[in-house]
Amino acid sequence: MKKKTRRAPPKKSHQKPAPTPKALQLSKTPESDLSDLEDVTPIIQFLEMFQQLSDPRAQLPLKLISLKVPIPLLEAFRFRCQHIGVPYQTMIKRLMKEWLERHP
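Residues numbered from 1 in each chain as written. Predicted model: local features only at pLDDT ≥ 70, side-chain atom pairs only at ≥ 80, totals over all residues. Heavy atoms only, no water.

A. Representation of the overall build of the protein chain in the model. Counting its secondary structure elements, the protein chain contains 4 helices and 0 strands. Secondary structure of the protein chain in N-to-C order comes out as α-α-α-α. Relative to its full complement of 104 residues, the protein chain shows a buried share of 4%. When the accessible surface of the protein chain is summed, it comes to about 11500 Å², and 60% of that surface belongs to carbon and sulfur atoms. (Helix = DSSP H or I, 4+ residues; strand = E, 2+ residues; numbered from the N terminus. Buried < 20%, exposed > 50% of the residue type's maximum accessible area, 1.4 Å probe, protein only. Areas by Shrake-Rupley, 256 points an atom, 1.4 Å probe, with all protein chains shown as cover.)

Given below as structure tokens:
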């Protein structure tokens, strides 16, 4: 038969116990918010594309597009790009990327 050993009662600390973290509350009605998130595939695809754009080592494939632009706008844009020494198509891509970064 085993002897029962008495354990000393735990020492009381004068320090306050650490506060328990509270759960993050996203909204008052989580059910309504969840209905908006049923298909997150487009969000995931956007984030993956944006991540590729941010990788300076990436050799991304190019796609030829056709874009209708008013002639004076295109000529002024090309003139300004030539003046600062940047190819205008490079500047268009740079502006597109900067816009995406500002409006995630």
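What follows picks up the thread again.
B. How the structure looks around a nonpolar patch on the surface. The grouping of Val 40, Ile 43, Ile 44 and Leu 47 at the surface amounts to a nonpolar patch, some 330 Å² of accessible area in total. Summarising the element assignment, Ile 43 is placed in helix H2 (residues 41-54). (Patch = residues over 30% accessible without salt bridge, like charges linked within 9 Å, V, L, I, M, F, W, Y side chains within 5 Å. Salt bridge = Lys/Arg side-chain N within 4 Å of Asp/Glu carboxyl O.)

C. Layout of the packing of helix H3 (residues 71-84) against helix H4 (residues 88-102). Between H3 and H4, the least distance of the axes is 9 Å, while the angle of their chain directions is 100 degrees. One element, H3, and the other, H4, form an angle in the roughly perpendicular class. On the side of H3, the interface is formed by Leu 74, Phe 77, Arg 78, Cys 81 and Ile 84, while H4 contributes Tyr 88, Met 91, Ile 92 and Leu 95. (Axes fitted to C-alpha atoms, helices over the stretch in contact; angles between N-to-C directions. Parallel < 35°, antiparallel > 145°, perpendicular 65-115°, else oblique. Contact = heavy atoms within 4.5 Å.)

D. Spatial organisation of the packing of H2 against H4. Relative orientation of the contacting elements H2 and H4 amounts to 125 degrees, with a least axis distance of 12 Å. Between H2 and H4, the angle falls in the class oblique. Note that H2 runs across H4; the crossing there is left-handed. When H2 is examined against H4, the residues Phe 46, Phe 50 and Leu 53 are found in contact with a partner set consisting of Lys 97, Leu 100 and Glu 101. (Left-handed = near helix turned anticlockwise from the far one by under 90°.)

E. Geometry of H3. For H3, built from 14 residues, the straight-helix expectation of 20 Å at 1.5 Å per residue is met to within 8% by its first-to-last C-alpha distance of 20 Å. Sparse coverage of H3 is indicated by the burial of 1 of its 14 residues. Trailing H3 by a residue or two, Gly 85 shows a phi angle of about 80 degrees, which is positive. (Expected span 1.5 Å × (residues − 1).)

F. Spatial organisation of the environment of Leu 74. Here Leu 74 lies in helix H3. Exposure remark for Leu 74: the relative accessible area of 29% places this residue in the partly exposed category. As a C-alpha pair, Leu 74 and Tyr 88 span 14 residues in sequence and 9.1 Å in three-dimensional space. With residues near it in sequence (within four places) discarded, Leu 74 still touches Val 69 and Tyr 88.

G. How the structure looks around the confidence of the model for the protein chain. Here the protein chain averages 78 in pLDDT, while 64% of its residues score no lower than 70. Of all the helices and strands in the protein chain, helix H1 (residues 30-36) carries the lowest mean pLDDT, 54, while H3 carries the highest, 96. (pLDDT = per-residue confidence, 0-100.)

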